Amino acid sequence: MTGTVFDIRRFSTHDGEGIRTTVFMKGCPLRCVWCHNPEGIDTRSRPLFFQDRCIGCGTCRRLAKEGGMRLVEGRLRLDVSKEEDWDGLIEACPAGAIVRDSRVMTAEQVAVEAMRDAPFYKYGGGVTFSGGEPLLQAGFVAEVLKELKRNGIHTAIETALHVPLEAVELTVPLLDQIYADLKLMDPAAHKRATGASNEQIKKNLEWLLRSPKRGAVTVRTPMIPGMTDSDDNIAEIARSISKIYPEVTYELLNHNPLAQAKYHLVDREYYRKEAPGRYSKEQMAHFAEVARENGVRDVRVG
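Model, not experiment: these values are computed from the prediction.

S.K.: I tried to follow the pattern of salt bridges on my own but got confused; where do I start?
M.R.: Once the charged atoms of two side chains with opposite charge are near each other, the side chains can pair. Counted by the stated rule, this structure contains 20 salt bridges. Its salt-bridge partner being E143, residue K146 comes within 3.2 Å of it at the nearest N-O pair. In this pair, K146 and E143 are both assigned in helix α5 (residues 138-150), three residues apart and thus about one turn of the helix distant. Classification of E143 as partly exposed rests on a relative accessible area of 33%. Three or more residues joined by partner-sharing salt bridges are found here, namely E158, R220 and E251.

S.K.: Whenever I open this one, unusual backbone geometry confuses me. Can you help?
M.R.: Most peptide bonds are trans, and most residues other than glycine sit at a negative phi. Of the consecutive residues G131 and G132, the connecting peptide bond is found in the cis state with omega at 15°. For G132, the position within the fold is in the loop between β8 (126-130) and α5. In the Ramachandran plot, F11 falls in the positive-phi region, its phi being about 55° despite a non-glycine side chain. Position of F11 relative to the elements: it lies in strand β1 (residues 2-12).

S.K.: Just to check I follow, could you spell out helix α7 (residues 187-194) for this structure?
M.R.: At 3.6 residues per turn, the α-helix brings residues three or four places apart onto the same side. Taken together, the buried positions of α7 are A189, H190, A193 and T194. The buried residues of α7 all sit within an arc of 105° when viewed along its axis, so they share a single face. Against α8 (199-210) lie the buried residues of α7. Measuring from the side-chain oxygen of the N-cap residue of α7 to the backbone nitrogen of A188 gives 3.3 Å; that N-cap residue is D186. G195, located one to two residues past α7, shows a positive phi value of around 80°.

S.K.: Looking at this model, I keep getting lost on a negative patch on the surface. Mind explaining?
M.R.: On the surface, D186, D231, D232, E236 and E293 cluster together to form a negatively charged patch. When residues in the negative patch are grouped by element, the largest group, three residues, is from helix α9 (residues 231-244). With respect to the helices, strands and loops of the structure, D232 is situated in helix α9. By relative accessible area, D232 is classed as exposed at 62%.

S.K.: Could you clarify how one ought to interpret the sheet that holds strand β13 (residues 298-301) in this entry?
M.R.: Strands in a sheet are paired, the pairing made by backbone hydrogen bonds, and the direction either parallel or antiparallel. Ordered in space as β7-β1-β2-β8-β9-β10-β11-β12-β13, the nine strands form an open sheet in which the pairing is mixed. Both outer strands of the open sheet, β7 (103-106) and β13, are each paired with one neighbouring strand and no more. Pairs of neighbouring strands in the sheet enclose a mean axial angle of 30°, with direction left out of account. Together, β1, β2 (20-25), β7, β8 and β9 (155-159) form the strand contacts of α5, whose direction differs from that of β8 by roughly 175°.

S.K.: Is there a simple way to explain the packing of aromatic side chains in this structure?
M.R.: Aromatic ring pairs are defined here through the distance separating the ring centres and the angle between the ring planes. Overall, the coordinates contain five aromatic pairs when judged by the stated rule. Taken together, the ring pairs connect Y263, Y270 and Y271 into an aromatic cluster. If you follow R220 out to its NZ or CZ, it ends over the ring of Y179, 4.0 Å from the centre.

What counts, and where the lines are drawn
- Residues numbered from 1 in each chain as written.
- Predicted model: local features only at pLDDT ≥ 70, side-chain atom pairs only at ≥ 80, totals over all residues.
- Heavy atoms only, no water.
- Salt bridge = Lys/Arg side-chain N within 4 Å of Asp/Glu carboxyl O.
- Helix = DSSP H or I, 4+ residues; strand = E, 2+ residues; numbered from the N terminus.
- Buried < 20%, exposed > 50% of the residue type's maximum accessible area, 1.4 Å probe, protein only.
- Arc of directions from axis to C-beta.
- Contact = heavy atoms within 4.5 Å.
- Polar contact = N/O pair within 3.5 Å; in protein donor to acceptor, adjacent residues only side chain to side chain.
- Patch = residues over 30% accessible without salt bridge, like charges linked within 9 Å, V, L, I, M, F, W, Y side chains within 5 Å.
- Areas by Shrake-Rupley, 256 points an atom, 1.4 Å probe, with all protein chains shown as cover.
- Lys, Arg positive; Asp, Glu negative; His and termini not counted.
- Charge placed at Lys NZ, Arg CZ, Asp CG, Glu CD.
- Pairing = 2+ DSSP bridges.
- Axes fitted to C-alpha atoms, helices over the stretch in contact; angles between N-to-C directions.
- Phe/Tyr/Trp six-rings, centres within 6.5 Å; stacked < 30°, edge-to-face > 60°.
- Lys NZ or Arg CZ within 6 Å of the ring centre and 35° of its normal.

Set out below in structure tokens:
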């Protein structure tokens, strides 16, 4: 079985407890206008061009027969709509400025690469699957998880849960930690911000919070300026999840302003012209207090 992976990041400390290896699976059914990994949205593999690596040798322009690499206002641009021999161009680039945004790997290959860092996992780390939406490739992820569990590796997943319940049921027994996003409670606001309904997300989350694995679930809301950061949204989420499971863990994630820098690589536009900065400690403490006032006992700030 094969899956499409757009990154494997070693020595990560932000995707679960301890030192972790994070496997980023390609493809996502949501189109969040603030997406932190826009290169992981499309399920298809595509070439990327990194201007800062380019040495201006002109090799790619000479080899691009259909105009896929051309100068625009003095700067080299990649046009993915052109039917070029992209793999040939990637191989020919002496500076490594053109690369594929992902690679197809077998479950065994992913497991072997992830377990290279096994000596570090004994101190509380492990492997986390992220994306994109890793549960879009649930069968593949489950195969990797089985191999990791056979080797005693702690496993975690970061999911937005906009997938069939069957995908959740397939993988949850193999997971030690589940980070589940609930971005917006209001259906109309969720549709505007992500391009999709939140009905399936809410159903899947309720199933998780009523399952035997509920103690391993952390519900997360990314704090996005002007989108998810209203007191009303936080309060509504807090009331909803604490009603299902009073001991629920709820984490509020500070805004990441660095994501905007990647949008030009995949021909997408960030939701704001300029990315706002991170929230202050005082602002994050306020958000956490709103959650506590609305029923969540275990509130964390990330």
